[in-house]
Amino acid sequence: MHTLSKEAFEEFIDNLIADNSLNVVGVKSKGEKFAFGPLESANQLRLDYDVTLLPPKKYFFPQRETLVTFDVASGFQAKDPKESKSNVLVGVHPYDIMALLHMDEVFRETKSDPYYLERRNSSVIIGVNIQNLTEQCFAPSMGCATVDYGYDLMLTNLGEKYAIDVGSHKGADILNKYAKNAKKAFARDIQAVGKKKMEIVNMAQQKFNFSSELIPEMLGKFYEKDSFWKDHSEECLSCGSCVLVCPTCYCFDVKDNPDLSLKKGERTRTWDGCLLEDFAKVASGENFRDTKATRYRHRYFKKGKYLFDRFGFVSCVGCGRCSSNCLPDIANPVNLFNDMYAESLKSGIEIDSVPVPDISIKTGEIIEFAPKIATIVKKVPMTANEIMFELKLDNETDLGHQPGQFVQVSVFGVGEAPFGVSSSPTKKGTFELCIRKLGNVTSKIHTLNEGDKVGIRGPFGKGFDAEFLKGKDLLFVAGGLGIVPLRSLFNYVLANRKDYGRVILLYGCKEPRELLFADEILELEDRDDVEFMSTVDWCPENEVWTSNVGVITTLIPKVDFDPQKTYAVVVGPPIMYKFVIKDLKSRNVPDDHIIVSLERRMKCGVGKCGHCQINQLYVCKDGPVFYYSDIKGVPEAL
Amino acid sequence: MKPKVAFFDFAGCEGDQLQIANLEEEILDLLGQVEVVSFREVMKEHSDDYDIAFVEGSCTRIQDEERLKQIRKNASVVVAIGSCATIGGINSLKNYQNLDAVKKTVYGEKADLFDTYLARPIDAVISVDAYVHGCPMTKEEFLHVVKSLLLGKKPDIPNYPVCVECKKNENVCAFERGEFCIGPVTRAGCNSCCVNEGTKCWGCRGLVDNPNENSQKEVLIKYGLSVDEAISKFRLYFGWEKKQ
Ligand SMILES: Cc1cc2nc3c(=O)[nH]c(=O)nc-3n(C[C@H](O)[C@H](O)[C@H](O)COP(=O)(O)OP(=O)(O)OC[C@H]3O[C@@H](n4cnc5c(N)ncnc54)[C@H](O)[C@@H]3O)c2cc1C
Ligand code: SF4
Ligand code: SF4
Ligand code: SF4
Ligand code: SF4
Ligand code: SF4
Ligand code: FES
């Protein structure tokens, strides 16, 4: 540990500011409040601040940033993650340092975010031990009032001087290069720092009435207590303030902004939040979290349970920003968890602390934000609302997908949307998508023609395990558009027909004119190695239909199968799953023999933006294909 | 072929057309994409052959309805621009007062010569394809809407409150400064410009789809307004929406 007199400290900061290769930011006053901003001089610093309006995450994951630029003539170009200047952040409180360590895990996991990580790697964090706290702060209860790592330098105010703890080589170099007259700390300085850190722990006014280790377990027992969530969220304004100001929230939205030429532009991401009404709404109008209560609950679960299960930490550092920014004052985690604890005592719910889960996090791959260019080689209208597109990547490679995986398709200037790949991987050179016209991207795609270009990212997600299914009897159940992703597996199975047991396809749609892939289906009638049945919900008088009339479940009793040998692959609209699964279960099909594919709002496709989340799972990354046995305990799934 | 564009004004201050006239350089780029056939603010000629009609101002008289219906017939896309046209705007303040009294105040003795009825947004009379909210609208959003229409997409108008933008802009909340703000129920899209300037949101962009008005009122009261004052906060811009 070192010490710097207050004058020498100011000189140190001014020397940093004078170096043009650095972008030095620090805590300054803003009205009656505080905020991180560019420093022009050390005397602007307010290291006695209580909390900043926004956390320092804005320097790593900014409110708005460009990911990709596009030009109809030359395609998509990912922005270079390299920044021209390194950031030096002066005055970061320990809880915000802890929050950055949490964010690191999120942005690193499976596929890493090049922009966030580059900024993290090139930045210098000069922390400061807390001198003042807001009324709402409960960092000590979360074990985040002090930190022993995560900083390059850590300051402690000792009256006429600062004690400076060096936390990294980078920190040592900076101190060496820019600070004059740094002295080695005396034993009494080190003791004084220790004492200050102890005092901070006792400064907070907000405390849990129980041990914070109980939070994940307690939440688990309260998920279905609808009235608890409804009562607590009644006054929610769906304003998102509680998540936007949170140092550990990372959800984002992605938008395309064309310039006035309409031929060029950029794709940007902006902060988003699960408390906003349309966060989980999809183009068909369905909103997967359509009440204040479910959105409000999701935030607490995300922080207190889902991220705990994923990473082993409760992702709240106790900064108190959510509660001080919530106008109706309902976002305070201390109040909520204390209420929950009181209620569990009252109703005799027992809560044990759970061991930290075993965590193994894959890292290494980097997210590719720039789509590859593909050309539409064939456009075949299927129904009034669905068109099949055959696409070819311009780099002449195969897509390389597994049956059941999806791609993100970009249309210049309009945006990006996910579609299941409909062709089997055995089809080489091109791949097929079948697209229903609903909103912006899909309507625009419908106007494109053979020869036109689109962008492709992916394939993404977990598909069907075609290898594992070999030798099994397969019962395919498709409802409406569900036939599209299902077809990739179905055609794969037909291409390798001898490797599989019985193949049964049950396909239903609303009315005859909505039948997809009618030609292919007609051919099935002639095959004796495929058992096929179709149904329509109803047949209008002017249309012809000779097969079954009734919902898809009316077909299930008509087939005979051995539940132990059969795997059921079920894909259809959300409401179909409940009924089909119920019928399959009543026929003794085991839960791990039922395979489904789910659909949720998507933005990133790689497990970051938060939009596709169903409880702890990300549809884009853990799915879209799931075994029923893995999701039957996931209430938001079906 | 470039789409033909026309501008029309009803009861309003023409502040929005001024915003467009003020687009300066951008307007040159914009003019490369469209052909303006009627725009009283900057040109004398007028034509009834147009594809996109931008309509400013609210409908305040029966006679306005006929004109609006004619515009709807001629245009394939109708865009409401500015609060008066999108939500009734300031004009709908008068909806809370006795109409005859309003007429007297405005027109004095000649009041009986004028017909007036509840001020309303134009979508109360004809169907509207796109909205550029704001009082006045911002040129950024106007350009966004025009670009979207030219690309054949629905403009992306937020359905979340002004607080979202306000937080991203790291403003000190008006309530913390002792002011009263209705940003929590007002549709964002202006980048919280008034709060960025140190004031508060008056609600000029209208309500979000599902505002929690009770909670907003309780917040206003908690921070010191009387119930009547809290209710009147909603009247400046939400007059028509609240009558519905
Ligand atoms: C894994 C998966 C596979 C899919 N496969 C197909 C398919 O094969 N054929 C098909 O026609 N449709 C499919 N969909 C649905 C398709 O993604 C939506 O219809 C599409 O995103 C609507 O976009 P839009 O821009 O036209 O609508 P808008 O309402 O304008 O939506 C704007 C944006 O919101 C997001 N979004 C909206 N709805 C959805 C949604 N349902 N799912 C995901 N993101 C959404 C997208 O980012 C979209 O660009 C699939 C969805 C998922 C998640
Ligand atoms: S800050 Fe409060 S009112 Fe706003 S979304 Fe969060 S909980 Fe709801
Ligand atoms: S949930 Fe609230 S207290 Fe916890 S880190 Fe986020 S803003 Fe801070
Ligand atoms: S889902 Fe989680 S990270 Fe995303 S906004 Fe909600 S609480 Fe924050
Ligand atoms: S100033 Fe208004 S818009 Fe901004 S956060 Fe406060 S209430 Fe919301
Ligand atoms: S802050 Fe409020 S009053 Fe100001 S422009 Fe935005 S919506 Fe209108
Ligand atoms: S997390 Fe972004 S789409 Fe799944």
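For the structure itself, consult the block above.
Residues numbered from 1 in each chain as written. Chains lettered and ligands numbered in written order. Predicted model: local features only at pLDDT ≥ 70, side-chain atom pairs only at ≥ 80, totals over all residues. Heavy atoms only, no water.

### What to know about the interface of chain B and chain A
With 34 residues of chain B in contact, the opposing surface of chain A contributes 40 residues. Taken over both partners, the interface formed by chain B and chain A buries close to 3,200 Å², and the fraction arising from carbon and sulfur atoms is 56%. Among the residues of chain B in contact with chain A, B:L151, B:K168 and B:E170 are the three that bury the most area, contributing 23% of the side total. Along the contact surface separating chain B from chain A lie 3 salt bridges. Counting across the chain B and chain A interface gives 21 residue pairs in polar contact (both at pLDDT 80 or more). Looking at the side of chain B that touches chain A, the elements with two or more residues in it are α2 (25-33), α6 (139-151), α7 (162-168) and α9 (213-222) of chain B. With 5 residues, the top contributor of residues to the side of chain B that touches chain A is α9(B). Looking at the side of chain B that touches chain A residue by residue, the class counts come to 14 nonpolar, 8 polar and 12 charged. (Contact = heavy atoms within 4.5 Å. Buried area = accessible area lost by both parts, 1.4 Å probe. Salt bridge = Lys/Arg side-chain N within 4 Å of Asp/Glu carboxyl O. Polar contact = N/O pair within 3.5 Å; in protein donor to acceptor, adjacent residues only side chain to side chain. Helix = DSSP H or I, 4+ residues; strand = E, 2+ residues; numbered from the N terminus. Nonpolar A, V, L, I, M, F, W, Y, C, P; charged D, E, K, R; others polar.)

### Focus: the sheet that holds strand β15 (residues 372-381) of chain A
Residues and elements named next belong to chain A. Taken in spatial order, the 6 strands line up as β18-β17-β20-β15-β16-β19 in an open sheet, and their pairing is antiparallel. Edge positions in the sheet fall to β18 (415-420) and β19 (431-436), since each has one partner strand and no second. Neighbour to neighbour, the strand axes of the sheet diverge by 40° on average, direction disregarded. Bridge analysis of strand β17 (residues 406-411) against strand β20 (residues 453-460) gives 4 bridges, and the strand direction is antiparallel. Looking across to β20, one finds that S410 is bridged to G455. (Pairing = 2+ DSSP bridges. Axes fitted to C-alpha atoms, helices over the stretch in contact; angles between N-to-C directions.)

### A look at the pattern of salt bridges
Residue and element names in this part refer to chain A. In the structure shown here, the tally under the stated rule is 55 salt bridges over all chains. The shortest N-O distance in the salt bridge between E109 and R310 comes to 3.2 Å. One end of the pair, E109, is in the loop between α2 (94-108) and β7 (111-112); the other, R310, is in helix α9 (residues 292-311), and 201 residues separate them in sequence. Summarising the burial analysis for this pair, E109 and R310 share the class buried. (Buried < 20%, exposed > 50% of the residue type's maximum accessible area, 1.4 Å probe, protein only.)

### Let's talk about the packing of α2(A) against helix α3 (residues 114-122) of chain A
Residue and element names in this part refer to chain A. Contact geometry of α2 with α3 gives a least axis separation of 9 Å together with a crossing angle of 140°. Classified by the angle their axes make, α2 and α3 are oblique. Once α2 is placed against α3, the crossing between them reads as left-handed. Contact residues: L100, L101, M103, D104, F107 and R108 in α2; Y116, L117 and R120 in α3. (Parallel < 35°, antiparallel > 145°, perpendicular 65-115°, else oblique. Left-handed = near helix turned anticlockwise from the far one by under 90°.)

### Some thoughts on the packing of aromatic side chains
Any two aromatic rings considered together are summarised by their centre-to-centre distance and by the angle between their planes. Residue and element names in this part refer to chain A. Scanning the entire structure with this criterion turns up 37 aromatic pairs over all chains. Relative to W271, the ring of F61 lies with its centre 6.3 Å away and its plane at 35°, an arrangement referred to as tilted. With a gap of 210 residues between them, F61 in the loop between β3 (33-38) and β4 (64-71) and W271 in strand β13 (residues 264-271) connect regions that are remote in the sequence. Classification of W271 as buried rests on a relative accessible area of 4%. Relative to Y567, the ring of F468 lies with its centre 5.5 Å away and its plane at 90°, an arrangement referred to as edge-to-face. Taken together, the residues F468 in the loop between β20 and β21 (473-479) and Y567 in strand β25 (residues 566-571) connect sequence positions 99 residues apart. Accessibility expressed as a relative area gives 37% for F468, which makes it partly exposed. The class of Y567 is buried, set by a relative accessible area of 7%. (Phe/Tyr/Trp six-rings, centres within 6.5 Å; stacked < 30°, edge-to-face > 60°.)

### A closer look at the site of ligand 5
For ligand 5, the full set of nearby residues is A:L327, B:V162, B:C163, B:C166, B:K167, B:C173, B:A174, B:F175, B:C181, B:G183, B:P184 and B:V195. Residues near ligand 5 are shared among chains A and B, making this a multi-chain site. (Near = heavy atom within 4 Å.)

### Brief notes about the sheet that holds β13(A)
Residues and elements named next belong to chain A. In space, the 4 strands of this open sheet follow the order β5-β4-β13-β12, with antiparallel pairing throughout. Of all the strands in the sheet, the pair left with one neighbour each is β5 (75-78) and β12 (252-258). Sheet twist, expressed as the average angle between the axes of neighbouring strands with direction ignored, equals 25°. Summarising the sheet, β4 and β13 pair through 7 bridges and their orientation is antiparallel. Directly across from D71, in β13, lies its bridge partner K264.

### Considerations on a negative patch on the surface
Taken together, A:D519, A:E523, A:E525 and A:D526 make up a surface patch of like negative charges. Structurally, the position occupied by A:D519 is in helix α14 (residues 518-525). (Patch = residues over 30% accessible without salt bridge, like charges linked within 9 Å, V, L, I, M, F, W, Y side chains within 5 Å. Areas by Shrake-Rupley, 256 points an atom, 1.4 Å probe, with all protein chains shown as cover. Lys, Arg positive; Asp, Glu negative; His and termini not counted. Charge placed at Lys NZ, Arg CZ, Asp CG, Glu CD.)

### Some thoughts on the packing of helix α6 (residues 215-222) of chain A against helix α11 (residues 333-346) of chain A
All names here are of chain A. One way to put it is that α6 packs onto α11 with a least axis distance of 11 Å and a crossing angle of 65°. With respect to α11, the axis of α6 lies roughly perpendicular. The interaxial crossing formed by α6 with α11 has left-handed handedness. Taking contact as the criterion, the partners of I215, M218, L219 and F222 in α6 are, on α11, F337, M340, Y341, E343 and S344. In the contact of α6 with α11, the residues fall into 7 nonpolar, 1 polar and 1 charged.

### Considering unusual backbone geometry
Of note, the amide linkage connecting A:G623 to A:P624 takes the cis form, showing an omega dihedral of 10°. Relative to the assigned elements, A:P624 resides in the loop between α16 (619-622) and β29 (625-627). Across the junction of B:C135 and B:P136, the peptide omega takes the value -5°, indicating a cis bond. Within the fold, B:P136 resides in the loop between β5 (130-132) and α6. Despite not being glycine, A:L262 has its phi angle at roughly 65°, a positive value. Mapped onto the elements, A:L262 comes out in the loop between β12 and β13. Here B:S192, not a glycine, exhibits a phi torsion of approximately 50°, which is positive. Structurally, the position occupied by B:S192 is in the loop between α7 and α8 (193-196). Under the relative-accessibility criterion, B:S192 is labelled buried at 1%.

### Considerations on the nonpolar core
Among the nonpolar cores identified, the biggest contains 196 residues, and A:F12, A:I13, A:L16, A:W229, A:F337, A:F476 and A:V570 are the most heavily contacted of them. Dropping the residues within four chain positions of it, A:F476 is found in contact with A:L486, A:L489, A:F490, A:V493, A:V503, A:I504, A:L505, A:L506 and A:V569. Counting residues in hydrophobic clusters, the runner-up holds 23 residues, among them B:C163, B:F175, B:C181 and B:V185. (Core = buried A, V, L, I, M, F, W, Y, C linked by side-chain atoms within 4.5 Å.)

### Some thoughts on helix α13 (residues 483-495) of chain A
Residue and element names in this part refer to chain A. The end-to-end C-alpha separation of α13 is 17 Å, in line with the 18 Å expected for 13 residues at 1.5 Å each. Burial runs high along α13: 11 of the 13 residues are buried. Three or more residues of α13 are buried, namely I483, V484, P485, L486, R487, S488, L489, F490, Y492, V493 and L494. (Expected span 1.5 Å × (residues − 1).)

Taken by themselves, the reported measurements are silent on function.
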